[in-house]
Amino acid sequence: MKTPLPAISRHIAFGDMSIALRLRLGFLIVLLLLAALGLMNWQQIGRLSESTRQLVEEDGRRGWIANDMQIAVQEMALALGTLCQTEDRDEARRVREDYKAALARYDANKKTLSELPTREDASAWQQALTEMAVTENNARSLFEQLADMAGQADVRTLQDFYATQVSTPQVVWMDSLSNLRKAIANSMDKAAFAAGTAAHRA
């Protein structure tokens, strides 16, 4: 004689549940779905926030480097201006060392900037960097020439050379560095806006 199976199938059928039980079960399912969606959104927003932080840090570092490059050029220009006014050989030697230190810092910053990883949307500031390099080449050789003349030529000759040969290329070089800084700042703003928009949509 076969043992009858427990008659439970009809009790677990959704159609046999009471209205209150079905409402509770449906509400529980909705809560679980909402919790799962909330977790997915939280994880996505967390990734976007981390991505935004990295973008801002990268562009912030580029901006700091470009700013220090401009400061180094200003220090070089000040050193050259001092060289054009002093007739003391010892002071001229000391100022030339200051000039060389600023030039070395500029070169180190430029190398670091060129080696930093870039994004696909970084073409604007990279173009500004390329244009800056052109103005640098035009001014730098004149900077070097004036620094070599210091301590050998008289003050009047140095001043004339600075006014007629160095001054204008120096201004153009500084302007190109300002444009580089602005391009990096614009890149930072665009990256932060894009990431923020993506996070809002998520």
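1. Digging into the overall build of the chain
What the chain contains, in helices and strands, is 5 helices and 0 strands. When the helices and strands of the chain are listed from N to C terminus, the series reads α-α-α-α-α. Among the 202 residues that make up the chain, the fraction classed as buried is 30%. Here the contacts in the chain between residues at least 6 apart in sequence split such that 80% fall between residues at least 24 apart. Taken as a whole, the chain presents about 13,200 Å² of accessible surface, with 59% of it coming from carbon and sulfur.

2. Comments concerning the nonpolar core
Counting residues in each nonpolar core, the largest one holds 38 residues, and the members touching the most others are Met76, Tyr99, Tyr106, Leu113, Phe143, Trp173 and Leu180. Breaking this core down by element, the ones donating at least two residues are helix H2 (19-83), helix H3 (89-115), helix H4 (123-149) and helix H5 (155-201). It is H4 that provides the largest number of residues to this core, a total of 10 residues. Every residue in contact with Tyr106, bar those within four places of it in the chain, is listed here: Met69, Ala72, Val73, Met76, Met132, Glu136, Arg140, Trp173 and Leu177.

3. As for the environment of Gln70
Within the secondary structure layout, Gln70 lies in helix H2. The spatial distance from the C-alpha of Gln70 to the C-alpha of Trp173 is 8.9 Å, given a sequence separation of 103 residues. Sequence-distant contacts of Gln70, that is, excluding residues within four places in its chain, are made with Met174, Leu177, Ser178 and Arg181. A polar atom in the side chain of Gln70 sits 2.6 Å from the side chain of Arg181.

4. Some details on H3
With 27 residues, H3 ought to run about 39 Å at 1.5 Å a step, and its terminal C-alpha atoms sit 39 Å apart, in line with that. The complete set of buried residues in H3 reads Ala92, Val95, Tyr99, Ala102, Leu103, Tyr106, Asn109 and Leu113. At the N-terminal end of H3, a side-chain oxygen is found 2.8 Å from the backbone nitrogen of Asp90, two or three residues along, and the residue is Asp88.

5. A short note on the packing of aromatic side chains
All told, the structure shown has 2 aromatic pairs when counted by the stated rule. Ring centres of Tyr106 and Trp173 lie 5.3 Å apart, and the angle between their planes is 80°; on these two criteria the pair is classed as edge-to-face. Within this pair, whereas Tyr106 is found in helix H3, its partner Trp173 is found in helix H5, the two being separated by 67 residues in sequence. Of the two residues, Tyr106 and Trp173, both sit in the buried class.

6. So, the pattern of salt bridges
Counted by the stated rule, this structure contains 10 salt bridges. The closest approach of N and O atoms between Arg140 and Asp107, which form a salt bridge, is 2.6 Å. Here Asp107 lies in helix H3 and Arg140 lies in helix H4, a separation of 33 residues in the sequence. For Asp107, a relative accessible area of 29% gives the class partly exposed. Here Glu136 and Arg140 are joined by a salt bridge, their closest N and O atoms 3.1 Å apart. Taken together, the positions of Glu136 and Arg140, both in helix H4 and 4 residues apart, correspond to about one turn of that helix. Taken together, the shared-partner salt bridges in this structure form one network comprising Asp107, Lys110, Glu136 and Arg140.

What counts, and at which threshold
- Residues numbered from 1 in each chain as written.
- Predicted model: local features only at pLDDT ≥ 70, side-chain atom pairs only at ≥ 80, totals over all residues.
- Heavy atoms only, no water.
- Helix = DSSP H or I, 4+ residues; strand = E, 2+ residues; numbered from the N terminus.
- Buried < 20%, exposed > 50% of the residue type's maximum accessible area, 1.4 Å probe, protein only.
- Contact = heavy atoms within 4.5 Å.
- Areas by Shrake-Rupley, 256 points an atom, 1.4 Å probe, with all protein chains shown as cover.
- Core = buried A, V, L, I, M, F, W, Y, C linked by side-chain atoms within 4.5 Å.
- Polar contact = N/O pair within 3.5 Å; in protein donor to acceptor, adjacent residues only side chain to side chain.
- Expected span 1.5 Å × (residues − 1).
- Phe/Tyr/Trp six-rings, centres within 6.5 Å; stacked < 30°, edge-to-face > 60°.
- Salt bridge = Lys/Arg side-chain N within 4 Å of Asp/Glu carboxyl O.

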